[in-house]
Amino acid sequence: MKLELRGITKRFGPLVANDAISLTVEPGEIHCLLGENGAGKSTLMNVLYGLYPADDGEVLLDGEVQHFKSPGDAMRAGIGMVHQHFMLIPVFTVAENVILGHEQTKPGGRLDLGAARQQVREISQRFGFDLDPDALIESLPVGVQQRVEIIKALSRDAKVLIFDEPTAVLTPQETEDLMRIMRQLRDQGAAIVFITHKLQEVRDVADRITVIRLGKVVGEALPTASNAELASMMVGRAVALEVEKGPSHPTDAALVVSGLRVADPHDQIVVRDVSFTVHGGEVLAIAGVQGNGQTELTQALVGLQPKVTGSITLDGDELVGRSVRQVLDAGVGYVPEDRSSDGLVGGFTIAENLMLDRSSGGPFVKAGSLQLKVLGDFAQQKVQEFDIRALGSSEFAGQLSGGNQQKVVLARELSRDLKLLVAAQPTRGLDVGSIEFVHKRIIAARDAGIPVVVVSTELDEVTQLADRVAVMFRGAIVGIVPADTPRETLGLMMAGEMPGGVKAA
Ligand SMILES: Nc1ncnc2c1ncn2[C@@H]1O[C@H](COP(=O)(O)OP(=O)(O)OP(=O)(O)O)[C@@H](O)[C@H]1O
Ligand SMILES: [Mg+2]
């Protein structure tokens, strides 16, 4: 089915999120949509999917004008969407989520879950997913939840498929699988829109590329364009794709982790006797395939894991046994890997989110009352400094684009007086320009003498930011090596092997 968007305009109050955007996607084509955080990509897709009415313009399928009033209409017309922010219901099972919105019922009105289960199994098999139809969504890692979204979109035989940043939460292997699935669907004649900030992925799968900036189409590019060309077209300036950093000047040991063990709610050991030291003025990057204990380790560092033994000291003070509040108050900055559940309150404004984890309100509360002017000025300054694309600091965080939500979390955590920075997937969902900025800020924190722990599944990010790299596998640290260790060696370590002759750092 051929998809055409003609002159789509969408405003939110005074903000023009989409300004007369036109786009054509042919059947059998993967069309990449590239653009900065807040450029209007998700908005355009939400209009197409019937979530928002357009203020102007039309959507055509095979030449016929459509009038979608809801996603249900769009689905019935053959459009499937994998959302940037998951739209799954956490307390429902996989199968229940898949049929949500197009429930099949048995005589007597009961839900036909059996059919849904069968469908989940079939699609899983077709695409090589390993998915239990009866698992509860909330018990699944994000990468697996993503697959549920994909199955949900595919379960309706969609002819037009929208993937809004699906790879941000996937492992490299999962990303490869998804690319394979997208190519497979394309070859079967689907028209596919693919949104990603990872330029390599764009060049790998795109048949055509459209770049949008500030709500407008600024041009088309070919998949043969270089990363630098694509980046500058997107952001409107040249972007440094490599981090510039001088040698580190480590100070006395600051963060010392020894014999750390974390058990999950079922008493399975998920972090095994982990020990490492991070000096002030250096970045220790923790690499590994997602799901090897990194999440639990970072959560343990900030007091978010209940079943912890061993020791974590910061400048000599024991942190194990302290509450999250106490740890944050001790000067620990924390960027969680999942901003929407742990980092932000969507129903709070940007300004309110910026003061979230300051106990007793920090500088914003005097004699028990909130200093609105002080907070407002601070927020305004951060919005500018971090280039948070919003109408103002009183906008609700939940209305920001994905990347801009991430910038709010970073702005808050990097603006406190820090003794330690723990950042998990700090640039997830950010555009290339913003990644450049965040990397600079992390290096600036290091150069100011702060110990920094960065957890990232992106090997590029790891090797660029790190002074030393710790690789995790099945809850344990395989080894700690210098940042210039060859990628192949890191790859082997990520699979649990410590090759002979590798120098420890
Ligand atoms: N429901 C809403 N209410 C008000 N403003 C909104 C709403 N949804 C989006 N916006 C605004 O519209 C603009 C475009 O946002 P959109 O989510 O489309 O960006 P995006 O290109 O998908 O960015 P990202 O790469 O960060 O996901 C942003 O300035 C955002 O704040
Ligand atoms: Mg988006």
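Each value, and the rule that gives it
- Residues numbered from 1 in each chain as written.
- Chains lettered and ligands numbered in written order.
- Predicted model: local features only at pLDDT ≥ 70, side-chain atom pairs only at ≥ 80, totals over all residues.
- Domains from an automatic or database assignment.
- Contact = placed C-beta atoms within 7 Å.
- Nonpolar A, V, L, I, M, F, W, Y, C, P; charged D, E, K, R; others polar.
- Near = placed C-beta within 6 Å.
- Helix = DSSP H or I, 4+ residues; strand = E, 2+ residues; numbered from the N terminus.
- Core = buried A, V, L, I, M, F, W, Y, C linked by C-beta atoms within 7 Å.
- Buried ≥ 20, exposed ≤ 12 C-beta atoms within 10 Å, placed from the backbone.
- Pairing = 2+ DSSP bridges.
- Expected span 1.5 Å × (residues − 1).
- Axes fitted to C-alpha atoms, helices over the stretch in contact; angles between N-to-C directions.

Turning next to the domain arrangement of the protein. Domain annotation for the protein reports domain 1 (3-235), domain 2 (241-331 + 417-505) and domain 3 (344-416). Domain 1 and domain 3 are separated by 30 Å when their C-alpha centres are compared. Opposite the 8 residues of domain 1 that make contact, domain 3 presents 6 residues. Counted by class, the side of domain 1 that touches domain 3 contains 2 nonpolar, 5 polar and 1 charged residues.

Below, the discussion takes up the site of ligand 1. Not every one of the 21 residues close to ligand 1 is listed here, only the nearest: Asn37, Ser42, Thr43, Ser401 and Gly403. Sorting the residues of the shell around ligand 1 by element identifies strand 2 (15-25), helix 1 (41-48) and helix 14 (402-414) as the ones contributing at least two each. Here the shell around ligand 1 is built from residues that sort into 6 nonpolar, 12 polar and 3 charged. Here the shell around ligand 1 spans two domains, since at least three of its residues come from each of domain 1 (3-235) and domain 3 (344-416).

Ranked by size, the top nonpolar core spans 137 residues in total, and within it Ile162, Ile192, Ala285 and Val471 carry the most contacts. Non-local contacts of Ala285, meaning those with residues more than four positions away in its chain, are made with Val454, Ser456, Val462, Leu465, Ala466 and Val469.

With that settled, the discussion passes to the pairing of strand 13 (residues 283-287). Counting buried residues in strand 13 gives 5 out of 5 residues, a clear majority hidden from the surface. Bridge count between strand 13 and strand 20 (residues 452-455): 4 bridges; the pairing is parallel. Its bridge partner being in strand 20, Ala285 is matched across the sheet by Val454. Summarising the sheet, strand 13 and strand 21 (residues 468-473) pair through 4 bridges and their orientation is parallel. Each residue of the ladder has a partner; that of Ala285, found in strand 21, is Val469.

This next bit is on helix 14. For helix 14, which comprises 13 residues, the first-to-last C-alpha distance of 19 Å matches the rise-based estimate of 18 Å (1.5 Å per residue) to within 8%. The buried fraction of helix 14 amounts to 13 of the 13 residues, a majority that puts the element mostly inside the structure.

With that out of the way, let us pick up the sheet that holds strand 15 (residues 317-318). The strands that make up a sheet are held in pairs by hydrogen bonds between backbone atoms, and each pair lies either parallel or antiparallel. Pairing in this open sheet of 4 strands is antiparallel, and the strands run 12-11-14-15 from one edge to the other. The open sheet is flanked by strand 12 (269-279) and strand 15, the only strands paired with a single partner. Of the strands in this sheet, strand 11 (253-263), strand 12 and strand 14 (308-314) are in contact with helix 9 (residues 294-301), which crosses strand 12 at around 60°.

Another point: the sheet that holds strand 1 (residues 3-12). If you trace the 4 strands from one edge of the open sheet to the other, you get 2-1-4-5, paired in antiparallel fashion. Two strands bound the open sheet, and with one partner strand each, they are strand 2 and strand 5 (64-66). Pairs of neighbouring strands in the sheet enclose a mean axial angle of 30°, with direction left out of account.

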